[in-house]
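If you want the building blocks of each chain, they are given just below.
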Amino acid sequence: MKINAPKDKYIFIELTHEDMKRMNLTYEQMDYSDSQTRAVINALLEDAKKSLGYSLTLPDKVRIDALPSFNGGCLLFFTVSNKPLRYKLKRGSSQL
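Rules and cut-offs
Residues numbered from 1 in each chain as written. Predicted model: local features only at pLDDT ≥ 70, side-chain atom pairs only at ≥ 80, totals over all residues. Heavy atoms only, no water. Helix = DSSP H or I, 4+ residues; strand = E, 2+ residues; numbered from the N terminus. Polar contact = N/O pair within 3.5 Å; in protein donor to acceptor, adjacent residues only side chain to side chain. Contact = heavy atoms within 4.5 Å. Salt bridge = Lys/Arg side-chain N within 4 Å of Asp/Glu carboxyl O. Buried < 20%, exposed > 50% of the residue type's maximum accessible area, 1.4 Å probe, protein only.

Draft legend 1. Representation of the side chain of S69 within the structure. One can find S69 in the loop between β3 (60–68) and β4 (74–82). Here G73 takes part through its backbone nitrogen, which lies 3.2 Å from a polar atom of the side chain of S69. Engagement of the side chain of S69 in a polar contact is seen with the backbone nitrogen of C74, the distance being 3.3 Å. Leaving out residues up to four positions away in the same chain, S69 has contacts with L15, C74 and L75.

So this is what it looks like as C-alpha cells:
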C-alpha cells in the first residue's frame, strides 16, 4: 500500500493485489453502500490521516473515487473539502 498526498486536500492510496486480497475485497465488489467496503475505506482513511498527519473533522466531507489498477489492485482518490458555511440572516437587521 502506498499513500501519497500531492496537495493539501488530496490523498491517493494505491492498493496492490495482495493488499486487496488481505482485505478480502476486489474492485468489482467495492460498493460504498456495502458495510464491508465502508469499513475498509474508513480504516484506509484513518491510516492515511495518521501517516500524513491530517486531522479531518466532522464538518469536512470526503469524496472518494476508485479506479482499478493493472495488477489487480485499486487506486483510491480522496478529495477533502469543507462543507460550505451557511448563515441565517435575521429579518430587518441586515442588508444584502
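Draft legend 2. Representation of the pattern of salt bridges in the model. On inspection of all chains with the given rule, the structure shows 3 salt bridges. Taking the shortest distance from any N to any O, the salt bridge between E46 and K49 comes out at 2.8 Å. Taken together, the residues E46 and K49, both in helix α2 (residues 35–52) and 3 residues apart, mark about one turn of the helix. For E46, a relative accessible area of 36% puts it in the partly exposed group. Between R63 and D65 there is a salt bridge; the shortest N-O distance is 3.3 Å.

Draft legend 3. Representation of unusual backbone geometry. Positive phi, normally seen in glycine, also occurs at N24, with a value near 55°. For N24, the location among the structural elements is in the loop between α1 (17–22) and α2. Residue class for N24 comes out exposed when judged on its relative accessible area of 56%.

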